[in-house]
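# Structural features, examined
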Amino acid sequence: QAEVEETLKRIQTHKGVIGTIVVNAEGIPIRTTLDNSTTVQYAGLLHQLTMKARSTVRDIDPQNDLTFLRIRSKKHEIMVAPDKEYMLIVIQNPSE
Amino acid sequence: MEIVYVYTKKRNEFGRQCNFSDRSAELHVDILPDPSLAVNFIERDPCDVPIQCTQEMSEHEVNTERFESDTRGINHVEGGWPKDVNPHEMEQTIRFRKKVEKDENYISTVMQLGNNMEHCIKQNNAIDIYREYFEEEEVVEESEVQPSAKTINVFRDPNEVKRTASSLSWHPDGSRKLAVAYSSLEFQKVSKDMSLNSYIWDIENPNKPEMTLKPVSPLVCLEYNPKDCHILVGGSYNGQIAYWDTRKGSQPVEMSTIEHSHRDPVYRVIWLQSKTGTDTFSASTDGQVLWWDIRKMSEPTERLILDPNKKGNLDNALGAISLEFETTMPTKFMVGTEQGLVVSCNRKAKTPAEKIVCMYSGHHGPIYALQRNPFFPKNFLTVADWTARIWSEDIKESSIMWTKYHTAYLSDGSWSPVRPSVFFTIKMDGTLDVWDFLFKQNDPTLSVKVCDEALNSLRVQDNGHFLACGSQLGTVTLLEISSGLCTLQKNEKALATAMFERETKREKILEARHREMRLKERSRSEQSKEEDTKEGDGEESPEELITRIEKDFYEIVEAELKKRDKGEEKKVRLILNSFTGLRVVRGSLRVVKGSSKIVKGFTNKGGGPDSTL
């Protein structure tokens, strides 16, 4: 469990990372470095988007599955690493 | 008597299988036709009977009803918590979270995801994967795309009695809304049930107009205030001007008084550039141009009568159909009249006589559209009768460029706000033409049939990408122009400048030449008045000209005849006479214009020179 802490801390201290959220399958944020309202928003919205993305990938090819989702917007990049039960969301500001 | 038949079979033949064998055909009976029996029958008329052995199908058409959709939002509240945990209780949520964190699955999952994530984060930090690396090699591919215009949406007049969409105006902020003025411009065709309303449409919703404007008399023209997007001013059929505030409802906020308004429908109203942003001016076919301040609509602030003799006489005045005002030149404005003249005026002149600066003539009918080129304000476009013309302010005798005469009347036109060489025109047969005179001068670059009825009004959106055109039955069509026609090409401004300059120079030279010729004629006519007897080589009267040419003609014919008599070919001379026109006979012709010449044709043997066919 200490490793988990260490991993999350390491991720958070990378260059440009704004926030990290760990969400479970029901959309409940387990671990977050952002404030509550933002976390709830990100958790809810990205959860739905990930489900949709995963179903899209599997519709096209049932053997396939979603491994990573990256959304690049004007201001920053949102990266989602989905799993069966949990989901790791990181918001990063890629340096240019 | 007993009839007995004994059928015997040998014992060992019982149960034997049947043996089938072939034998050749034998004719048993041959019944020949007996013609005497045919007397009892009548031959039937042959008739065609089609028979088809397929499934019976029928065709049905289904059109779904328009359904109105509404947008609603849902407020998302944190959810997903299990029943025993109250999301508002901090303690419970913390406890739940701690429990989850102790779960083994959680630990392993997070470790794994964390690794993935780190990889991507590092990737992001190391190099910008979305950067354009090969910018210099971008080839301009727009030239390959065919110019096209696509209909995006159609807005129909919701009333039963259809009126013409006589004017359109885009919302100044972002162009999401379109104000359309509906009226019936045909003389005395107004019916009792015709609705007086004009509408503001949201371009995303073609089913129902967003807002209704309820004037006292149908609006002929309508304009949004470019400074304040809630204010609209409209000119109505009975000559009054009214202004609306969309925040205040459908009724006009104020209307001008009837005594001081126009006496004919107001065909155009434009907002002026002023500090208060409340000045407008309007034009109507009663010959007046009135200036208004919308805060005080009881009286116009200024009045101008379009009298070409500059005497302010209303009876002589030219009826105005279109107005032009460019905010970069606030003292000048132009008026397009019913008589086909464009009058250029100066607002700041002291006396009414000086207000009218000059007039440009050249059109045969009312000038429906008048607009300066947004990039070259010295050149303006007029659309009238069957042509569209481009003028230069300095050349007053004629336009510098013009389109050919079309088969249908042109009813409106406009420059493209993004490309200096592109303009749009619409015709009474329902087509929209897009002209790009740097690409092709004789024909429109793109001609699109928008609808079957006549188109009456046209308005291009400020980004040059969309345009709306209104038709006679009140249908407004929103079209999207392909990107090639609304992105500025390389060198376009320079090329357009060069073209305008060249045409202007040509016209200037022609103007100078005309002036010279006129001077010469004038001096010559003065001369000939003094010298009566002298027979000048100057003007011959038409009769003298005819006799001279006839003499020449007969001489040439005689000469040919003599030549022809020597040869014995069967030919007929086809005589082209410039005064009697061309008579066509079967055979091929080689036509030579000008005064009479003899052309060879071929048919039967011809006669003498008098046999004009």
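Residues numbered from 1 in each chain as written. Chains lettered and ligands numbered in written order. Predicted model: local features only at pLDDT ≥ 70, side-chain atom pairs only at ≥ 80, totals over all residues. Heavy atoms only, no water.

- The name an unreviewed UniProt entry gives chain B is Dynein, axonemal, intermediate chain 2b, with Esox lucius as the organism.
- As stated in UniProt under Sequence similarities (unreviewed entry), the record for chain B gives "Belongs to the dynein intermediate chain family."
- What the UniProt record of chain B gives under Subcellular location (unreviewed entry) is the line "Cytoplasm, Cytoskeleton, Cilium axoneme". (UniProt positions renumbered as here; feature names shortened; annotations may be inferred.)

- The name given to chain A in an unreviewed UniProt entry is Dynein light chain roadblock, with the source organism recorded as Esox lucius.
- The UniProt entry for chain A carries the following comment under Function (unreviewed entry): "Acts as one of several non-catalytic accessory components of the cytoplasmic dynein 1 complex that are thought to be involved in linking dynein to cargos and to adapter proteins that regulate dynein function. Cytoplasmic dynein 1 acts as a motor for the intracellular retrograde motility of vesicles and organelles along microtubules."
- Listed under Subcellular location (unreviewed entry) in UniProt, the entry text for chain A is "Cytoplasm, Cytoskeleton".

### Quick word on the overall build of chain A
- Within chain A, the secondary structure is distributed over 2 helices and 5 strands.
- Secondary structure elements in chain A, listed N-terminal to C-terminal, are α-β-β-α-β-β-β.
- By the burial criterion, 45% of the 96 residues in chain A qualify as buried.
- Put simply, 37% of the contacts in chain A that link residues at least 6 apart link residues at least 24 apart. (Helix = DSSP H or I, 4+ residues; strand = E, 2+ residues; numbered from the N terminus. Buried < 20%, exposed > 50% of the residue type's maximum accessible area, 1.4 Å probe, protein only. Contact = heavy atoms within 4.5 Å.)

### Observations regarding the overall build of chain B
- The helix and strand inventory of chain B stands at 5 helices and 30 strands.
- Within chain B, counting contacts between residues at least 6 apart in sequence, those at least 24 apart form 49% of the total.
- Carbon and sulfur atoms form 51% of the exposed surface of chain B, whose accessible area is close to 39,100 Å². (Areas by Shrake-Rupley, 256 points an atom, 1.4 Å probe, with all protein chains shown as cover.)

### Observations regarding the packing of helix 1 (residues 90-102) of chain B against helix 2 (residues 104-126) of chain B
All names here are of chain B.
- The interhelical angle for the contact between helix 1 and helix 2, taken along N-to-C directions, is 70 degrees, at an axis separation of 5 Å. Our classification of the angle between helix 1 and helix 2 gives roughly perpendicular. Across from Val100, Glu101 and Lys102 in helix 1, the residues of helix 2 making contact are Glu104, Tyr106 and Ile107.
- A breakdown of the residues in the contact of helix 1 with helix 2 according to their chemical character gives 3 nonpolar, no polar and 3 charged. (Axes fitted to C-alpha atoms, helices over the stretch in contact; angles between N-to-C directions. Parallel < 35°, antiparallel > 145°, perpendicular 65-115°, else oblique. Nonpolar A, V, L, I, M, F, W, Y, C, P; charged D, E, K, R; others polar.)

### Some details on the interface of chain A and chain B
- With 39 residues of chain A at the interface, the matching set in chain B holds 33 residues.
- Summing both sides of the interface, chain A and chain B together bury roughly 3,200 Å²; the carbon and sulfur share of this comes to 60%.
- On the chain A side of the contact with chain B, Ile30, Arg70 and Tyr86 of chain A bury the most area, a combined 19% of that side's loss.
- Here chain A is connected to chain B by 1 salt bridge.
- Of the charged contacts in the structure, one is a salt bridge between Arg10 of chain A and Glu118 of chain B, with a shortest N-O distance of 2.4 Å.
- Our count for the chain A to chain B interface comes out at 5 residue pairs in polar contact (both at pLDDT 80 or more).
- Those elements that place two or more of their residues in the side of chain A that touches chain B are helix 1 (2-12), strand 1 (17-24), strand 2 (29-32), helix 2 (36-60), strand 3 (69-72), strand 4 (77-82) and strand 5 (86-92) of chain A.
- Considering every element that reaches the side of chain A that touches chain B, the biggest residue donor is helix 1 of chain A, with 7 residues.
- Of the residues assigned to the side of chain A that touches chain B, the class counts are 20 nonpolar, 7 polar and 12 charged. (Buried area = accessible area lost by both parts, 1.4 Å probe. Salt bridge = Lys/Arg side-chain N within 4 Å of Asp/Glu carboxyl O. Polar contact = N/O pair within 3.5 Å; in protein donor to acceptor, adjacent residues only side chain to side chain.)

### Regarding the packing of helix 1 of chain A against helix 2 of chain B
- Running from amino to carboxyl end, helix 1 of chain A crosses helix 2 of chain B at an angle of 20 degrees, the nearest separation of the two axes being 10 Å. When the axes of helix 1 of chain A and helix 2 of chain B are compared, the pair comes out roughly parallel. Relative to helix 2 of chain B, helix 1 of chain A is oriented so that their crossing is left-handed. On helix 2 of chain B, the residues that touch Glu3, Val4, Thr7, Leu8, Arg10 and Ile11 of chain A of helix 1 of chain A are Tyr106, Ile107, Val110, Met111, Gly114, Asn115, Met117, Glu118 and Ile121 of chain B. (Left-handed = near helix turned anticlockwise from the far one by under 90°.)

### Considerations on the sheet that holds strand 25 (residues 446-449) of chain B
Residue and element names in this part refer to chain B.
- Ordered by their spatial adjacency, 4 strands build an open sheet running 22-23-24-25, and the pairing between neighbours is antiparallel. Looking at which strands have only one partner, the edges of the open sheet turn out to be strand 22 (410-415) and strand 25. Here the strands of the sheet are splayed against their neighbours by 15 degrees on average, with no regard to which way each runs.
- Where strand 23 (residues 422-427) meets strand 24 (residues 431-436), 5 bridges bridge the pair, whose relative direction is antiparallel. Within strand 24, the position partnered with Phe424 by the bridge is Val434. (Pairing = 2+ DSSP bridges.)

### So, the pattern of salt bridges
- Here the structure, examined in full by the defined rule, presents 32 salt bridges over all chains.
- The partner of Glu560 of chain B in a salt bridge is Lys563 of chain B, with the nearest N and O atoms 3.3 Å apart. Pair noted here: Glu560 of chain B and Lys563 of chain B are both in helix 5 (residues 542-566), with a separation of 3 residues, about one helical turn.
- Looking at Glu560 of chain B, the relative accessible area reads 18%, which means it is buried.
- For Lys563 of chain B, a relative accessible area of 54% gives the class exposed.
- The network of salt bridges with common partners includes Glu6 and Arg10 of chain A together with Glu118 and Lys122 of chain B.

### Examining the side chain of Ser195 of chain B
Residues and elements named next belong to chain B.
- Tracing the sequence through the fold places Ser195 in the loop between strand 3 (177-183) and strand 4 (198-202).
- Polar side-chain contacts of Ser195 include one of 3.4 Å to the side chain of Asn159.
- A distance of 3.1 Å separates a polar atom in the side chain of Ser195 from the backbone nitrogen of Asn197.
- Leave out the neighbours within four places in its chain, and Ser195 touches Asn159 and Arg163.

### What about the sheet that holds strand 3 of chain B?
Residue and element names in this part refer to chain B.
- Spatially, 4 strands are ordered 2-3-4-5 in an open sheet, and the strand pairing comes out antiparallel. This sheet does not close on itself; its edge strands, each paired only once, are strand 2 (164-170) and strand 5 (211-213). Taken over all neighbouring pairs, the strand axes of this sheet differ in orientation by 25 degrees on average, direction set aside.

### Considering the packing of aromatic side chains
All names here are of chain B.
- Counted by the stated rule, this structure contains 19 aromatic pairs over all chains.
- Judged by centre distance (5.1 Å) and plane angle (50 degrees), the ring pair of Phe553 and Tyr554 falls under tilted.
- Judged by its relative accessible area of 6%, Phe553 falls in the buried class.
- For Tyr554, a relative accessible area of 38% gives the class partly exposed.
- Members of the aromatic cluster, each reached through a chain of ring pairs, are Phe376, Trp415, Phe423, Trp435, Phe437 and Phe500. (Phe/Tyr/Trp six-rings, centres within 6.5 Å; stacked < 30°, edge-to-face > 60°.)

### Thoughts on the nonpolar core
- Counting 21 residues, the largest nonpolar core has Val22, Leu88 and Val90 of chain A together with Tyr106, Met117 and Ile121 of chain B as its most contacted members.
- Those elements giving two or more residues to this core turn out to be helix 1, strand 1, strand 4 and strand 5 of chain A together with helix 1 and helix 2 of chain B. (Core = buried A, V, L, I, M, F, W, Y, C linked by side-chain atoms within 4.5 Å.)

### Description of the pairing of strand 4 of chain A
All names here are of chain A.
- Burial analysis of strand 4 places 6 of its 6 residues in the buried class, which makes it a mostly covered element.
- Going residue by residue along strand 4, you find Glu77, Met79 and Ala81 tucked away on one face and Ile78, Val80 and Pro82 tucked away on the opposite face as well.
- Two elements, strand 3 and strand 4, share 4 bridges in a ladder whose sense is antiparallel. Paired with Arg70 across the strands is Met79, a residue of strand 4.

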